[in-house]
Amino acid sequence: MFITGLVFSFTITSGEDSLVSVFGFAGAMLMLFIPLLTTPLVVRESQQGTLELLMTAPVYVWEIVIGKFIAAFSFFVFMLSPTVVYLWFLSHFGQPDLPVILSGYLGMLFLGGLFISIGVLASALCSGQLMAAIVSITVITAFWLIGRFSFVFTGIVGAILLYLSPQPHFFDFIGGVVKLSNVMYFFSLIIGILLITSHILEMRLWR
Amino acid sequence: MAQNKSSGPLKFFFLIILIILLNVVSFRYNQWYDLTRARAHSLSPHTIDALNKLKEPVQILCFFRADDNRWEKAKSYLERMQSYSNLVTYQLYDPDIKFDLMQAYDLQQYGMIFISGSNTYSVYDIDEPSITLALTKIAHQKLDTSELISEVVADPSVKPLNLNFLQVSFVLFMSVIVIPLIFVAIGLVVWWQRR
C-alpha cells in the first residue's frame, strides 16, 4: 500500500489523471506478493496433517481447490480495495476516464486470479512453503516473460508464445480495451490450472 | 473418504482441449470494446471504409527491432485492421537479419511495406493517416486526404490535472501514510483478536 501510494502520488503530481501507472506497477508487484499469499494454502494443511482430514470430508476435491482459490482471491480483493480511494482523489482533482479505470480494475482482478491459481498449484505440488514460493515465483515470472521469446520464433510459435504471456492481455485492460479473447484467456487459464491442481490433489489422495 | 467423482485422465484431457479450442475461437472471432473517452484504440471511419473496400489480400511486412516502440504502435493498428478485414496479414522481420529483404523492397529505413498483388507502398510514419493512405494507394481506392484525422483529438472540455502544493501534500499524506496505516491497524486488530 505504501509503495502503491507513492506511485500514485508521483503520477498525480505529474498531471496524469489515470491509474495506468499504478496498475502497471501493482501488476508487477503481484508477482512477488501473490506467491507469499498462496504458498500456505495447501502446504500448511499438509504439514499440520489436516489435509488428509479435509480430503475425507464429504466434498469433492475440486470443491476444496475452488474454496482455497476463493479464500486467497477474497483476500486479494480486500488488499486491492483501498486503491478505490485514489479514484476519489482523481475525481476530486480532475476528470478521470472512469470506464478506463474500471477496465484496469478488471484487468487487476483477472491477473490476480491467474497468479493465485498458479500459487495454489505450486502449493499443491510442493511439500514445503519455501519450495512452493520459489516454484510459484518462477512459474509466474516465466509466464510474464514468455512473450519476449515471441520475437525469436516467427510464425505460429511466436504467436502462441505471445498469446501465453499475461502481459499484453493485462495491458489491454489497463489501456481501456476490453477484448473477448483476453477475458477468455484469463478465465480458461485459471480454470485449467485449478483443474490440474484438483487432479494433483486427487493423485495425492490415491497414492 | 472424499466423494471422488473424479474426472478421469480422459475427461481431464478433453477439458484441456476444450479450453484450448475456446481460446482459438475467441482469438479468431475477437470482439473488443474501446472504453476510452477519446476512442484512442479505435480506427477512424475512413480506415474502416478502406478496409471494407479491400478486394485483394494485403500483406504488410514490418521491419522493426522487437523492442522498438514504433513496432508496438504499428502492431496495435495492424491488429485492429485485422479485426475488420481478414484480407490483411502482417509479419514482423528483424531488419538486422532480413536486411536483404528490406533492400529488395527498396525500404530506406525501418518501416512497413504494403503489398497487394504487384503493388507495393512503403510507410515510414507509424500513424493512422499514413497507414490508411497506404491501404488506399495499393488498393487503388479514392480517398480525400484532407479528411484523414492525424491524431486522436482530446476532449477540450477535459482539463489536465494541475495540483498546487497543498493538494499534492494532502494526496501524498493520505495515500502514503494514512491509508497504509489504516490497513496496518486493521491487521493488528485481527491478529490481536485471534491471539
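Just so it is clear, the structure is predicted and the values come from calculations on it, not from any experiment.

Thresholds applied
- Residues numbered from 1 in each chain as written.
- Chains lettered and ligands numbered in written order.
- Predicted model: local features only at pLDDT ≥ 70, side-chain atom pairs only at ≥ 80, totals over all residues.
- Heavy atoms only, no water.
- Helix = DSSP H or I, 4+ residues; strand = E, 2+ residues; numbered from the N terminus.
- Buried < 20%, exposed > 50% of the residue type's maximum accessible area, 1.4 Å probe, protein only.
- Contact = heavy atoms within 4.5 Å.
- Areas by Shrake-Rupley, 256 points an atom, 1.4 Å probe, with all protein chains shown as cover.
- Rg over C-alpha atoms; globule rule 2.2 N^0.38 Å.
- Buried area = accessible area lost by both parts, 1.4 Å probe.
- Salt bridge = Lys/Arg side-chain N within 4 Å of Asp/Glu carboxyl O.
- Polar contact = N/O pair within 3.5 Å; in protein donor to acceptor, adjacent residues only side chain to side chain.
- Pairing = 2+ DSSP bridges.
- Axes fitted to C-alpha atoms, helices over the stretch in contact; angles between N-to-C directions.
- Parallel < 35°, antiparallel > 145°, perpendicular 65-115°, else oblique.
- Left-handed = near helix turned anticlockwise from the far one by under 90°.
- Phe/Tyr/Trp six-rings, centres within 6.5 Å; stacked < 30°, edge-to-face > 60°.
- pLDDT = per-residue confidence, 0-100.
- Expected span 1.5 Å × (residues − 1).
- Arc of directions from axis to C-beta.

1. With respect to the overall build of chain B
Along its length, chain B carries 6 helices and 5 strands. Each helix and strand of chain B, placed in order from N terminus to C terminus, yields the pattern α-β-α-β-α-β-α-β-β-α-α. Looking at chain B as a whole, 32% of its 195 residues are labelled buried. Intrachain contacts of chain B at a sequence separation of at least 6 include 61% that bridge at least 24 residues. Put simply, chain B shows about 12500 Å² of open surface, and 59% of that area lies on carbon and sulfur atoms.

2. What about the overall build of chain A?
Secondary structure assignment for chain A yields 11 helices and 1 strand. Listing every helix and strand of chain A by position from the N terminus yields α-α-α-α-α-α-α-α-α-α-β-α. At 19 Å, chain A has a C-alpha radius of gyration in line with the 17 Å of a compact globule built from 207 residues. Seen along its three principal axes, the alpha-carbon backbone of chain A occupies a region of about 60 × 45 × 30 Å. The buried share of chain A, reckoned over its 207 residues, is 53%. Here the analysis covers contacts within chain A between residues at least 6 apart in sequence; of these, 73% occur between residues at least 24 apart.

3. A closer look at the interface of chain B and chain A
Facing the 49 residues of chain B at the interface are 58 residues of chain A. The junction of chain B with chain A conceals about 4500 Å² of combined surface from both sides, 69% of it contributed by carbon and sulfur atoms. Across the contact surface, chain B and chain A share 1 salt bridge. Between E79 of chain B and K179 of chain A there is a salt bridge, with its nearest N and O atoms 3.8 Å apart. Summed over the shared surface of chain B and chain A, the result is 5 residue pairs in polar contact (both at pLDDT 80 or more).

4. Overview of the sheet that holds strand 4 (residues 111-116) of chain B
Residues and elements named next belong to chain B. Across the sheet, 4 strands lie side by side as 3-2-4-5; this open sheet has mixed pairing. Both outer strands of the open sheet, strand 3 (88-93) and strand 5 (119-123), are each paired with one neighbouring strand and no more. Each adjacent strand pair in this sheet contributes to an overall mean axis angle of 20°, direction not counted. Relative to strand 5, strand 4 runs antiparallel, the two sharing 5 bridges. Residue pairing for strand 5: F114 is matched across the bridge by Y121. Helix-sheet contacts for helix 3 (residues 69-84) involve strand 2 (58-63), strand 3 and strand 4, and the interaxial angle to strand 3 is about 160°. Along the sheet face, helix 5 (residues 128-138) touches strand 2, strand 4 and strand 5 and points at about 170° away from the line of strand 5.

5. Some points on the packing of helix 2 (residues 20-38) of chain A against helix 5 (residues 61-80) of chain A
All names here are of chain A. The N-to-C vectors of helix 2 and helix 5 enclose an angle of 135°; their axes lie 10 Å apart at closest approach. Here helix 5 runs oblique to helix 2, going by the angle between their axes. For the pair helix 2 and helix 5, the crossing hand works out as right-handed. Touching L30, F33, I34, L37 and T38 of helix 2 are A72, F75, F76 and M79, all from helix 5.

6. Examining the environment of V183 of chain A
Residue and element names in this part refer to chain A. Mapping V183 onto the fold places it in helix 11 (residues 180-206). Sequence separation between V183 and L106 is 77 residues, and the spatial gap between their C-alpha atoms is 9.5 Å. The contacts of V183, once residues within four sequence positions are left out, are F110, F173 and V178.

7. Some thoughts on the packing of aromatic side chains
Considering all chains together, one arrives at 21 aromatic pairs over all chains under this definition. Ring centres 5.5 Å apart and planes at 80° place the aromatic pair F110 of chain A and F187 of chain A in the edge-to-face group. Of the two residues, F110 of chain A is situated in helix 7 (residues 98-125) and F187 of chain A in helix 11; the sequence distance between them amounts to 77 residues. Taken together, the ring pairs connect F110, Y163, F173, Y185, F186 and F187 of chain A together with F27 of chain B into an aromatic cluster.

8. What to know about the confidence of the model for chain A
Across chain A, the average pLDDT comes to 85, with 97% of residues at 70 or higher. Within chain A, helix 1 (residues 2-13) of chain A has the poorest average pLDDT of any element, 75, and helix 7 of chain A the best, 92.

9. Some points on helix 1 (residues 9-28) of chain B
Residues and elements named next belong to chain B. Its 20 residues place the ends of helix 1 29 Å apart at the C-alpha level, agreeing with the 28 Å of an ideal helix rising 1.5 Å per residue. By the burial criterion, the buried members of helix 1 are F12, I19, N23 and S26. The arc enclosing the buried residues of helix 1, seen along the axis, measures out at 75°, which places them on a common side. Structural note: helix 1 exposes L10, K11 and F14 on the side pointing more than 90 degrees away from its buried face.

10. Focus: unusual backbone geometry
Positive phi is not limited to glycine here, since D106 of chain B has a value of about 60°. Structurally, D106 of chain B is set in the loop between helix 4 (99-104) and strand 4.

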